[in-house]
Amino acid sequence: MTVSTREALARLREGNRRFVSGVQGLDTLLSHTRRTELAAEQHPFAIVLGCSDSRVPAEMVFDQGLGDLFVIRVAGNIVAPSQVGSVEFAAEQFGSSLVVVLGHTRCGAIAATLNDLRSGAHPSQNVRSIVNRIRPSVEALLATDLKNDEERLMREAVRANVRASANHLRHGSALLEQLIQDGNLLVVGAEYSLETGEVDFFDGAVDAAP
Ligand SMILES: [Zn+2]
């Protein structure tokens, strides 16, 4: 029951449309009745690497149920070895054909990184390990005119960080690279809007456009 990349992306788009309209799909509601069945095996059709932000739960914003999504959440949707390993595990074990890196507007981890770059604040070593992963993709933006426009700067920084994470997954793993080359996996970048509830698949989703 492998779901194609195109079908997986269509399901997420439809689910997000339902979420925005405030309705829940029947499959999502009924998935709870499949709990016992799912205890034996799972076939998540997509992998989501999202931010830990309480306002961006992947299952809710895509209106999916039990067993549908393999979700990895970490502040700033960064890619460190354990995230690559989690994606490799799911892609290999379950044959999921789509990976979505899901960033979001007003991300606190991105704001913290910008603050750190500007003021030289000193977060703990553990927080720094996150900031340091975000830093390379947003640092260059501070050298442009964007530095005078906080709102645009944040918006571009969020997207730059999503692109960097997606590229890291595309090229930071021999296993994932092979799956992509064989046409069995697509990694896309998306941004969730806290304001509208909409997910914009802005990076890498062209090939699988509906
Ligand atoms: Zn965030």
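Look up: the structure comes first, before these words.
Okay, so let's go over this structure. Every value quoted in this text rests on a predicted model; they were computed, and no experiment measured them.

### A short note on the environment of V199
- Along the chain, V199 falls in strand β5 (residues 199-203).
- Looking at V199, the relative accessible area reads 11%, which means it is buried.
- Note: C-alpha distance between V199 and G67 (132 residues apart in sequence) is 21 Å.
- In this structure V199 touches N16, V61, F62, L102, A190, E191 and Y192, once residues within four positions along its chain are discounted.

### Brief notes about helix α1 (residues 5-21)
- The terminal C-alpha atoms of α1 lie 25 Å apart, and with 17 residues this matches the ideal 24 Å at 1.5 Å per residue to within 8%.
- For α1, the complete set of buried residues consists of T5, A8, L9, L12, R13, G15 and N16. The buried residues of α1 all sit within an arc of 165 degrees when viewed along its axis, so they share a single face. Turned more than 90 degrees from where α1 packs its buried face, R17 and S21 sit exposed.

### A few points about the sheet that holds strand β2 (residues 69-73)
- One open sheet accounts for 5 strands, arranged β2-β1-β3-β4-β5; its pairing is mixed. Among the strands making up the open sheet, the edge pair consists of β2 and β5. Strand-to-strand, the axes of this sheet are offset by a mean angle of 30 degrees, without reference to chain direction.
- Here α1 sits on the sheet in contact with β1 (46-50), β2, β3 (98-104), β4 (186-192) and β5, set at roughly 35 degrees to β3.
- Together, β1, β3, β4 and β5 form the strand contacts of helix α8 (residues 150-171), whose direction differs from that of β4 by roughly 160 degrees.

### Observations concerning the packing of helix α5 (residues 81-94) against helix α9 (residues 174-181)
- Running from amino to carboxyl end, α5 crosses α9 at an angle of 45 degrees, the nearest separation of the two axes being 9 Å. By the angle class used here, α5 and α9 are oblique. Considering only the axes of α5 and α9, their crossing is left-handed. Only L175, L176 and L179 of α9 make contact with α5, whose side of the interface consists of V87, E88, A91 and E92.
- Looking at the contact of α5 with α9 residue by residue, the classes come out as 5 nonpolar, no polar and 2 charged.

### Looking at the nonpolar core
- If you look at the biggest cluster of nonpolar residues, it comprises 35 residues, and the most contacted ones within it are I47, L49, V87, V99, I110, L114 and L169.
- The element best represented in this core is α8, accounting for 8 residues.
- In this view, V99 contacts I47, V87, L169, L185, L186, V187 and V188; residues no more than four positions away in its chain are not counted.
- By size, the runner-up hydrophobic cluster in this structure holds 22 residues, among which are V3, A8, A58 and V61.

### With respect to the pattern of salt bridges
- A full pass over the atoms with the stated rule returns 13 salt bridges.
- Between R55 and D53 there is a salt bridge; the shortest N-O distance is 2.8 Å.
- Where R155 meets E191, a salt bridge forms, and the shortest distance between an N and an O atom there is 4.0 Å. Here R155, found in helix α8, pairs with E191, found in strand β4; they are 36 residues apart in sequence, far enough to count as distant.
- You can call E191 buried: its relative accessible area is 5%.
- Linked by salt bridges that have partners in common, D116, R128, R135 and E139 make up one network.

### Looking at the coordination of the zinc ion
- Only C51 (SG), H104 (NE2) and C107 (SG) from the protein reach the zinc ion as donors, at distances of 2.0 to 2.3 Å.
- Going along the chain, you hit the donors of the zinc ion in the pattern C-x52-H-x2-C. Across the pair, exposure class does not vary: H104 and C107 are buried alike.

### Structural notes on the layout of surface pockets
- Quantified by volume, the largest pocket comes out at close to 420 Å³.
- In this structure, the largest pocket is lined by 22 residues; those nearest its centre are R11, D27, R34, F45 and D68.
- Listed by contribution, the elements that provide at least two residues to the lining of the largest pocket are α1, α2 (26-30) and α3 (35-40).
- A per-class count over the lining of the largest pocket returns 6 nonpolar, 7 polar and 9 charged.
- Of the pockets and cavities examined, the second largest pocket occupies roughly 290 Å³.
- Taken together, T105, R106, E150, E151, R152, M154, R155, V158, E191 and E195 make up the full set of residues lining the second largest pocket.
- The biggest single contributor to the lining of the second largest pocket is α8, with 6 residues.
- Each residue belonging to the lining of the second largest pocket can be placed in one class, and the counts come to 2 nonpolar, 1 polar and 7 charged.

Cut-off values and rules
Residues numbered from 1 in each chain as written. Predicted model: local features only at pLDDT ≥ 70, side-chain atom pairs only at ≥ 80, totals over all residues. Heavy atoms only, no water. Helix = DSSP H or I, 4+ residues; strand = E, 2+ residues; numbered from the N terminus. Buried < 20%, exposed > 50% of the residue type's maximum accessible area, 1.4 Å probe, protein only. Contact = heavy atoms within 4.5 Å. Expected span 1.5 Å × (residues − 1). Arc of directions from axis to C-beta. Pairing = 2+ DSSP bridges. Axes fitted to C-alpha atoms, helices over the stretch in contact; angles between N-to-C directions. Parallel < 35°, antiparallel > 145°, perpendicular 65-115°, else oblique. Left-handed = near helix turned anticlockwise from the far one by under 90°. Nonpolar A, V, L, I, M, F, W, Y, C, P; charged D, E, K, R; others polar. Core = buried A, V, L, I, M, F, W, Y, C linked by side-chain atoms within 4.5 Å. Salt bridge = Lys/Arg side-chain N within 4 Å of Asp/Glu carboxyl O. Donors = N, O, S within 2.8 Å, 3.2 Å for Na, K, Ca; no water. 1 Å grid on protein atoms, 1.4 Å probe; cavity = no way out; pocket = protein on both sides within 12 Å on 5 of 7 lines; lining within 4 Å. Points joined across faces, edges and corners; volume = space filled by probe spheres on them.

Purely geometric stuff here, so don't read any function into it on its own.
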